[in-house]
Amino acid sequence: MISLNFMTGEDPLSLDRIRAVLIRLEDTIIFGLIERAQFAHNPRIYQKGAFKELVDLGFTGSWLEWFLKETETFHAKARRYTSPDEYPFTVGLPEPVLPPLTFPKILFPNNINANPSILSFYTRAIVPRITRRATLALAAQKRAQGIIGDEEFEDDGNYGSSANLDIEVLSSISKRVHYGKFVSESKFMSDPAAFVPHIIKPNRDALEKLITKPEVERKLLLRLQKKAAIYAQDVGPDGEATGLNGNGNADANGSAKLSASAKIDVDGVVDLYESYIIPLTKEVEVDYLLHRLDGLSQDDIDKLLEISKNKAAAQAA
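Residues numbered from 1 in each chain as written. Predicted model: local features only at pLDDT ≥ 70, side-chain atom pairs only at ≥ 80, totals over all residues. Heavy atoms only, no water.

A.B. asks: What exactly am I supposed to notice about the environment of Arg132 here?
C.D. replies: Its place among the elements puts Arg132 in helix α5 (residues 132-144). We classify Arg132 as exposed; its relative accessible area is 54%. Sequence-wise, Arg132 and Ala144 are 12 residues apart; in three dimensions their C-alpha atoms are separated by 19 Å. (Helix = DSSP H or I, 4+ residues; strand = E, 2+ residues; numbered from the N terminus. Buried < 20%, exposed > 50% of the residue type's maximum accessible area, 1.4 Å probe, protein only.)

A.B. asks: In this structure, what is going on with the nonpolar core? I would like to understand it.
C.D. replies: Nonpolar side chains in soluble globular proteins generally cluster together in the buried interior. Counting residues in hydrophobic clusters, the biggest one holds 61 residues, and the most contacted among them are Leu33, Ile118, Tyr122, Ile173 and Ile264. Listing elements by their share of this core, those giving two or more residues are α1 (15-36), α3 (63-77), α4 (115-130), α6 (159-178), α7 (180-190), α10 (214-231) and α11 (266-290). If we ignore the near neighbours within four places in the chain, the residues touching Tyr122 are Leu33, Arg36, Val127, Pro128, Asp166, Val169, Leu170 and Ile173. Among the nonpolar cores identified, the runner-up in size contains 12 residues, and Phe188, Phe195, Ile199 and Ile211 belong to it. (Core = buried A, V, L, I, M, F, W, Y, C linked by side-chain atoms within 4.5 Å. Contact = heavy atoms within 4.5 Å.)

A.B. asks: How do you make sense of α7 when you look at a structure like this?
C.D. replies: The periodicity of an α-helix, 3.6 residues per turn, causes residues three or four places apart in sequence to face the same way. Judged by how many residues are buried, α7 sits mostly within the fold: nine of 11 residues are covered. The inward-facing, buried residues of α7 contact α1, α6, α8 (192-200), α9 (204-211), α11 and α12 (298-316).

A.B. asks: Explain a negative patch on the surface here, please?
C.D. replies: On the surface, Asp299, Asp300, Asp302 and Glu306 cluster together to form a negatively charged patch. Using a relative accessible area of 30% as the deciding quantity, one classes Asp300 as partly exposed. (Patch = residues over 30% accessible without salt bridge, like charges linked within 9 Å, V, L, I, M, F, W, Y side chains within 5 Å. Areas by Shrake-Rupley, 256 points an atom, 1.4 Å probe, with all protein chains shown as cover. Salt bridge = Lys/Arg side-chain N within 4 Å of Asp/Glu carboxyl O. Lys, Arg positive; Asp, Glu negative; His and termini not counted. Charge placed at Lys NZ, Arg CZ, Asp CG, Glu CD.)

A.B. asks: Honestly, the packing of α10 against α11 in this entry has me stumped. Any pointers?
C.D. replies: Think of two packed helices as two axes; the pair is described by the angle between the axes and how far apart they sit. Here α10 crosses α11 at 145°, and the two axes come no closer than 9 Å. Between α10 and α11 lies a crossing of right-handed hand. Residue-level contacts link Glu217, Leu220, Leu221, Leu224, Gln225, Ala228 and Ala229 of α10 to Val266, Val269, Val270, Tyr273, Glu274, Ile278 and Lys282 of α11. (Axes fitted to C-alpha atoms, helices over the stretch in contact; angles between N-to-C directions. Left-handed = near helix turned anticlockwise from the far one by under 90°.)

A.B. asks: Help me understand the packing of α3 against α6, please; the structure alone is not making it clear to me.
C.D. replies: Two numbers describe how α3 lies on α6: the axes approach to 10 Å, and their chain directions differ by 65°. Handedness of the crossing formed by α3 with α6: right-handed. Facing α3, whose interface residues are Trp63, Leu64, Phe67, Leu68 and Thr71, α6 presents Tyr159, Gly160, Ala163, Asn164, Asp166, Ile167 and Leu170. In terms of residue class, the contact of α3 with α6 is built from eight nonpolar, three polar and one charged. (Nonpolar A, V, L, I, M, F, W, Y, C, P; charged D, E, K, R; others polar.)

A.B. asks: Whenever I open this one, the pattern of salt bridges confuses me. Can you help?
C.D. replies: Pairing between side chains becomes possible if they bear opposite charge and their charged atoms approach one another. Scanning all chains against the criterion turns up 18 salt bridges. We note a salt bridge from Asp27 to Lys227, for which the minimum N-O separation is 2.9 Å. Here Asp27, found in helix α1, pairs with Lys227, found in helix α10; they are 200 residues apart in sequence, far enough to count as distant. Relative accessible area serves as the criterion here: at 22%, Asp27 is assigned to the partly exposed category. Among the residues examined, Lys227 registers a relative accessible area of 13% and is labelled buried. Across the salt bridge formed by Glu217 and Lys282, the nearest N and O atoms sit 2.8 Å from each other.

A.B. asks: What should I look at first to understand unusual backbone geometry in this one?
C.D. replies: In terms of backbone geometry, most residues other than glycine have negative phi values and most peptide bonds are trans. Non-glycine residue Asn42 carries a positive phi angle of around 55°. On the secondary structure map, Asn42 appears in the loop between α1 and α2 (52-56). If you check the backbone angles, Arg79 has positive phi at about 65° while not being a glycine. Along the polypeptide, Arg79 turns up in the loop between α3 and α4.

Below, the structure is given as structure tokens:
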């Protein structure tokens, strides 16, 4: 899993370092979605109580929730969730078997966890879209075998493989969204005076404006579209790309046009970021900032404001 290395002594709040991690996470998320898209929707694995085998074990959640619990139980024992950038989907996990690592204090103490929202939008909006081609192909195969009606759609029986890939994608999206905390802390510490008034008198809109860079978002979505279009292609025996325009070329405007054999719905990948990941990351960033002064004395706040004064004086000198 891609992460900042918090033990190197380098500045973990460097926006350049954070940006590099976020860009690499784009690749991880896209490739994970491509892998998940090869299987049908399999909606049964997202329905609570749908597997009698789990109910008999006393577990009333969904197959995916059970998979998450079992996987994250093992990872918790290996101290994965002691890292500042790791957030489990499961509550009540066991303590690590290994002794804890001593991480530098980077983030202000907080309890913000967006994973319930991530799990909800991923299973309800993203999975049905990215698996649409595999689901339709499965239905055609079943009809050819005389299976029609409700039985022809959505379920290919690959419950373990689907859930395993879901967990990989969910973990990557979670890391991407919660990195918003590092972005907020970095921007806050660069100029506390710009943020403090809107935290003392909570103003979500003002805080969001301080952290939002529309041009950066525009470039992100463009880069994501190009990456997804490239990764969605197959490579022929001679190394030629076969999923772009059917012959490896872009259209006259330079846009990537995918053939029907493309491995992923590129627009679906872009929509994942534009409609879900970016807005939710902003919510995490703003929520983090709104609690950034919790428990601080006026002297503590004055010291933060002094940072802005000193930087302004240095720039004027």
